[in-house]
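# Fold and contact review
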Amino acid sequence: MKIICVGRNYVDHIKELSNDKPTDPVIFIKPDTALLDASQAFYYPAFSTDVHYELELVFRVAKVGKNIQAEFAHKYIDAVGLGIDFTARDIQSRLKDKGLPWEKAKAFNGSAFVSTLRPLTESDFTNSIDFELLKNNVSVQKGDSDLMIWNICELIADISQYFTLKTGDYIFTGTPAGVGPVQKGDQLTGLLQGNKLFELAIK
Ligand code: ZN
């Protein structure tokens, strides 16, 4: 199982980090050891003092595929939920400055939280999916699949040219504006279309 992540997929978030709009999706991968499931807490890593949350829509891969065309991509995913792409922003900034890979900042143990998922329906591909993050019961981040530069089917078409999708893989689709730090003792709550999907303690 692997976790495929997309960077810079919302126009607002690109402005926030003053990045250029890319011509094709920025893709990175987290190993299976990065996965944090809904029964666990997030333990703040000792190597960072600036861990940020990035709330993202997450899709689960339902069957093996490569070189998938966008028009058939919906057949390769079966569930949607929320994820947090935990990012050690201090380490990422240092790595970016040197032009080095991001893994230490993005792919560390527990850096890929995935909520419980719900089955996809046909309307998920025609209507937008909105989502929201609360930190200590205060709204800090809101997103909507409408605001993605590349939708999930376009992402699958791009990703599967390079990486074979396997059953059980997760695709993180990028974060909207509003990323920010977490501290020990924080409580994160995720809402998908107004329904509470997870609570996660930062320890
Ligand atoms: Zn992200």
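Heads up: the structure comes first, above all this text.
Residues numbered from 1 in each chain as written. Predicted model: local features only at pLDDT ≥ 70, side-chain atom pairs only at ≥ 80, totals over all residues. Heavy atoms only, no water.

Turning next to the environment of Tyr 44. Assignment of secondary structure puts Tyr 44 in the loop between β3 (35–36) and β4 (51–53). Accessibility expressed as a relative area gives 14% for Tyr 44, which makes it buried. As for Tyr 44 and Ala 177, which are separated by 133 residues in sequence, their C-alpha atoms are 22 Å apart. For Tyr 44, the contacting residues outside a window of four places in its chain are Thr 49, Asp 50, Val 51, Val 182, Gln 183, Lys 184, Ile 202 and Lys 203. A polar atom in the side chain of Tyr 44 sits 3.4 Å from the backbone oxygen of Thr 49. (Helix = DSSP H or I, 4+ residues; strand = E, 2+ residues; numbered from the N terminus. Buried < 20%, exposed > 50% of the residue type's maximum accessible area, 1.4 Å probe, protein only. Contact = heavy atoms within 4.5 Å. Polar contact = N/O pair within 3.5 Å; in protein donor to acceptor, adjacent residues only side chain to side chain.)

In terms of nonpolar packing, the biggest core is built from 45 residues, with Leu 57, Ile 84, Phe 86, Leu 188, Phe 198 and Leu 200 touching the most fellow members. With five residues, helix α4 (residues 152–162) is the largest single contributor of residues to this core. In this structure Leu 188 touches Tyr 53, Ile 84, Phe 86, Leu 133, Leu 134, Lys 135, Val 182, Phe 198, Glu 199, Leu 200 and Ile 202, once residues within four positions along its chain are discounted. Ile 3, Cys 5, Trp 102 and Tyr 170 belong to the second-largest nonpolar core, a separate cluster that totals ten residues. (Core = buried A, V, L, I, M, F, W, Y, C linked by side-chain atoms within 4.5 Å.)

This part is about the pairing of strand β6 (residues 77–85). A large share of β6 lies buried, amounting to eight of its nine residues. When β6 meets strand β9 (residues 118–119), the two strands line up antiparallel, connected through two bridges. Note on β9: the bridge partner recorded for Val 80 is Arg 118. Across three bridges, the pairing between β6 and strand β8 (residues 112–114) is antiparallel. Its bridge partner lying in β8, Ile 84 is registered against Phe 113. (Pairing = 2+ DSSP bridges.)

This part is about helix α2 (residues 89–97). Within α2, burial applies to Arg 89, Asp 90, Ile 91, Gln 92 and Leu 95. Taken together, the buried residues of α2 touch β4, β7 (87–88) and α3 (103–106). Note on α2: the residue one or two positions beyond its end, Gly 99, has a positive phi of about 70°.

Before going further, it helps to examine unusual backbone geometry. Even without a glycine there, the phi angle at Asn 136 is positive, about 50°. As for its position among the elements, Asn 136 is in the loop between β10 (130–135) and β11 (138–144). The partly exposed category is assigned to Asn 136, whose relative accessible area is 38%.

Below, the discussion takes up the pairing of strand β1 (residues 3–7). Counting buried residues along β1, five of its five residues qualify, which places the element largely inside the surrounding structure. Taking every second residue as pointing to the same face, both faces of β1 are buried, with Ile 3, Cys 5 and Gly 7 on one and Ile 4 and Val 6 on the other. As judged from the five bridges shared by β1 and strand β2 (residues 26–30), these two strands associate in the antiparallel manner. By the bridge assignment for β2, Val 6 is matched with Ile 27.

Read across the open sheet, the three strands follow the order β7-β4-β13; overall the sheet is antiparallel. Sheet topology places β7 and β13 (180–181) at the edges, where each strand pairs with a single neighbour. Note: β4 against β7, two bridges, orientation antiparallel. Paired with His 52 across the bridge in β7 is Thr 87.

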